[in-house]
Amino acid sequence: MAKTKATETQPQGVDLEAMRRAASDASSFLRLLANEDRLLLLCQLTEGERCVSDLEQLLDIRQPTLSQQLGVLREQGLVSTRREGKNIFYRLADAKVESTLAHLYEIFCKA
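Described in the following lines is the structure provided in the data block.

## What about unusual backbone geometry?
Residues other than glycine seldom take positive phi values, yet D60 does so here, at roughly 55°. Tracing the sequence through the fold places D60 in the loop between α4 (52–59) and α5 (63–75). Classification of D60 by relative accessible area gives exposed; the value is 70%.

Take a look at the structure:
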């Protein structure tokens, strides 16, 4: 069987399709973190569950923007919610978010 150019240059044991899927997943995840407001929201949520009004006050993000960005994070499964009366509480829902933010903290925030 003749080798194709792709298999000649590909190291043995490397699953290129799996690498492409992982790269696509990582790229999508990083795009979610690339928005400053979303990043600030996620950083606050690493400290624990917060209600929307607390996040608005802590981060000085206007309510429409806050709702939009929390909606994006919820749709993508990075945060989850619970309702208590009129309040909606948000918390991290994906372990890779907390791990990634811990690394970002070490690189950018630690003095």
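## What to know about the packing of α4 against α5
The geometry of α4 relative to α5 is characterised by a closest axis approach of 10 Å and an angle of 115° between their N-to-C directions. Every pair of crossing elements has a handedness; the one defined by α4 and α5 is right-handed. On the side of α4, the interface is formed by V52, L55 and E56, while α5 contributes Q63, L66 and L70. In the contact of α4 with α5, the residues fall into 4 nonpolar, 1 polar and 1 charged.

## Regarding the sheet that holds strand β2 (residues 79–84)
On the basis of which strands lie adjacent, the open sheet formed by 3 strands has the order β1-β3-β2 and antiparallel pairing. Each edge of the open sheet is held by one strand with a lone partner, namely β1 (50–51) and β2. Relative to strand β3 (residues 87–92), β2 runs antiparallel, the two sharing 6 bridges. Within the sheet, the bridge partner assigned to R83 lies in β3 and is I88. Lying on the sheet, α5 is in contact with β2 and β3; it crosses β2 at an angle near 115°.

Conventions we followed
- Residues numbered from 1 in each chain as written.
- Predicted model: local features only at pLDDT ≥ 70, side-chain atom pairs only at ≥ 80, totals over all residues.
- Heavy atoms only, no water.
- Helix = DSSP H or I, 4+ residues; strand = E, 2+ residues; numbered from the N terminus.
- Buried < 20%, exposed > 50% of the residue type's maximum accessible area, 1.4 Å probe, protein only.
- Axes fitted to C-alpha atoms, helices over the stretch in contact; angles between N-to-C directions.
- Left-handed = near helix turned anticlockwise from the far one by under 90°.
- Contact = heavy atoms within 4.5 Å.
- Nonpolar A, V, L, I, M, F, W, Y, C, P; charged D, E, K, R; others polar.
- Pairing = 2+ DSSP bridges.

So far we have only geometry, and geometry alone does not tell us how the molecule works.
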